[in-house]
Amino acid sequence: MIIFHSPRSYLSILYNVFFKYINLHKESKLQEYAYQAQREISDGYLNAMVLNSLLNDVEEYLQKKLVNTSNPVVKLKLSKAHAICLFKTLMILPIEADKEFEQIVRQDFITKLYPQLL
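A brief structural summary.

Another aspect to go through is the side chain of His82. Take His82: it is sitting in helix 3 (residues 80–92). His82 sits in the buried class, given a relative accessible area of 17%. A distance of 3.1 Å separates a polar atom in the side chain of His82 from a polar atom in the side chain of Asp57. In this view, His82 contacts Leu54, Asp57 and Val58; residues no more than four positions away in its chain are not counted.

A word on the packing of aromatic side chains. Scanning all chains against the criterion turns up 3 aromatic pairs. Summarising the aromatic geometry, the rings of Phe4 and Phe109 are spaced 6.1 Å apart at their centres and angled 85° between planes, so their arrangement reads as edge-to-face. On the criterion of sequence distance, the pair formed by Phe4 in strand 1 (residues 2–7) and Phe109 in helix 4 (residues 100–117) is long-range, its members being 105 residues apart. Exposure class is identical for Phe4 and Phe109. Each is buried.

As a further point, take the pairing of strand 1. Of the two faces of strand 1, only the one carrying Ile2, Phe4 and Ser6 is buried; Ile3, His5 and Pro7 on the other face are not. Inspection of the sheet shows strand 1 paired to strand 2 (residues 73–78) by 6 bridges, in the antiparallel sense. Bridge pairing in strand 2 links Ile3 to Lys77.

This paragraph deals with the nonpolar core. By size, the foremost hydrophobic cluster in this structure holds 30 residues, and its most contacted members are Leu14, Phe18, Leu62, Leu90, Phe109 and Leu113. Of all the secondary structure elements, the ones that give two or more residues to this core are strand 1, helix 1 (8–39), helix 2 (43–68), strand 2, helix 3 and helix 4. By residue number, the principal contributor to this core is helix 1, which donates 8 residues. If near-sequence neighbours (up to four positions away) are discounted, Phe18 is found in contact with Ile13, Leu90, Leu93, Ile95, Glu102, Val105 and Arg106.

Definitions and limits used
- Residues numbered from 1 in each chain as written.
- Predicted model: local features only at pLDDT ≥ 70, side-chain atom pairs only at ≥ 80, totals over all residues.
- Heavy atoms only, no water.
- Helix = DSSP H or I, 4+ residues; strand = E, 2+ residues; numbered from the N terminus.
- Buried < 20%, exposed > 50% of the residue type's maximum accessible area, 1.4 Å probe, protein only.
- Polar contact = N/O pair within 3.5 Å; in protein donor to acceptor, adjacent residues only side chain to side chain.
- Contact = heavy atoms within 4.5 Å.
- Phe/Tyr/Trp six-rings, centres within 6.5 Å; stacked < 30°, edge-to-face > 60°.
- Pairing = 2+ DSSP bridges.
- Core = buried A, V, L, I, M, F, W, Y, C linked by side-chain atoms within 4.5 Å.

Okay, structure coming up:
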């Protein structure tokens, strides 16, 4: 279990901003493998399905945390699989150079997750 604390404002950015891009990324990966899946189920398609499932769980968990918690700092508990998917997705997420706060939020999550994933 991966446990860390995050400011509520960072959690809100993660859920409201990053997950829009993450959902687009998930859809593009599925479409990339969809043509192959019509003929046979490939490893890439299965990996994309696993990633989508885990990221959907994380998105739902974050939504519940935002709705049920009014504390300024939120305690997050993620399974190792969920944390790995979130970490990997945040690492490849493109953020524009002029969006400094979003870069800070992403770096904060990456910095908190990385040592616990080792």
